[in-house]
Amino acid sequence: MLSIGYDYRVPLENIVAIVAVDSAPIRRMIQRAKEDNTLEDCTCGKKTRSAVITSGDTIYLSAFTADSLSNRLYSAYLLTKVINPQSQWVSRDYHKRLQDTIA
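Residues numbered from 1 in each chain as written. Predicted model: local features only at pLDDT ≥ 70, side-chain atom pairs only at ≥ 80, totals over all residues. Heavy atoms only, no water.

A short note on the overall build of the protein
We count it as follows: Under the scheme used here, helices are H or I runs from DSSP no shorter than 4 residues and strands are E runs no shorter than 2 residues, and both carry numbers assigned from the N terminus. Residue exposure (1.4 Å probe, protein chains only): buried if accessible area is under 20% of the type maximum, exposed if over 50%, otherwise partly exposed. Residues count as neighbours in contact if any of their non-hydrogen atoms are within 4.5 Å of one another. Accessible surface area values rest on a Shrake-Rupley calculation with a 1.4 Å probe, where residue burial reflects the displayed protein chains alone.
In terms of regular secondary structure, the protein is built from three helices and six strands. Mapped from its N terminus to its C terminus, the protein presents α and β elements in the order β-β-β-α-β-β-β-α-α. Sorting the 103 residues of the protein into buried and exposed places 34% on the buried side. In the protein, the share of contacts with a sequence separation of at least 24, taken over all contacts with a separation of at least 6, comes to 47%. Accessible area for the protein stands at about 7,000 Å²; split by element, carbon and sulfur atoms hold 50% of it.

Put into structure tokens, the structure is as follows:
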């Protein structure tokens, strides 16, 4: 699960993109999602800085920047893949070094 702030979480496997909301095409996408009732506002009244687009056509708005969320996503993938020895996301050498440091 990716924490997008204020106790809201999105499943990692559903995330398609994390984007900043300052471009016109993204604003139109958010407006369409609002009209279709597939928009989740997770900002708790703060300024919207990014949007998390999922495979289920739901868009989650976050008060955190897209860079911050992408760093969290990368860290979550690394932690997930260290636990799973069959992972293809991390090279075998790096995977072995991480397991050695944990053990």
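Focus: the packing of aromatic side chains
Rule in force here: Here a pair means two rings of Phe, Tyr or Trp (six-membered ring of Trp) with centres within 6.5 Å. Their orientation is stacked below 30 degrees between planes, edge-to-face above 60, and tilted elsewhere.
Using the criterion set out here, one finds one aromatic pair in the structure. Seen from their ring centres, Tyr6 and Phe64 are 6.2 Å apart, and the 25° between their planes marks the pair as stacked. Taken as a pair, Tyr6 in the loop between β1 (2–5) and β2 (8–10) and Phe64 in the loop between β6 (59–62) and α2 (66–83) lie far apart in primary sequence, 58 residues in all. According to the relative accessible area criterion, Tyr6 is partly exposed, its value standing at 38%.

So, the pairing of strand β5 (residues 50–54)
Test applied: Whether two strands pair depends on DSSP finding at least two bridges between them.
Burial analysis of β5 places five of its five residues in the buried class, which makes it a mostly covered element. Going residue by residue along β5, you find Ser50, Val52 and Thr54 tucked away on one face and Ala51 and Ile53 tucked away on the opposite face as well. Pairing geometry for β5 and β6, over four bridges, is antiparallel. Counted as the bridge partner of Ser50 is Ser62 from β6. Hairpin connection of β5 to β6: four residues between the antiparallel strands, including Asp57 at a positive phi of 65°.

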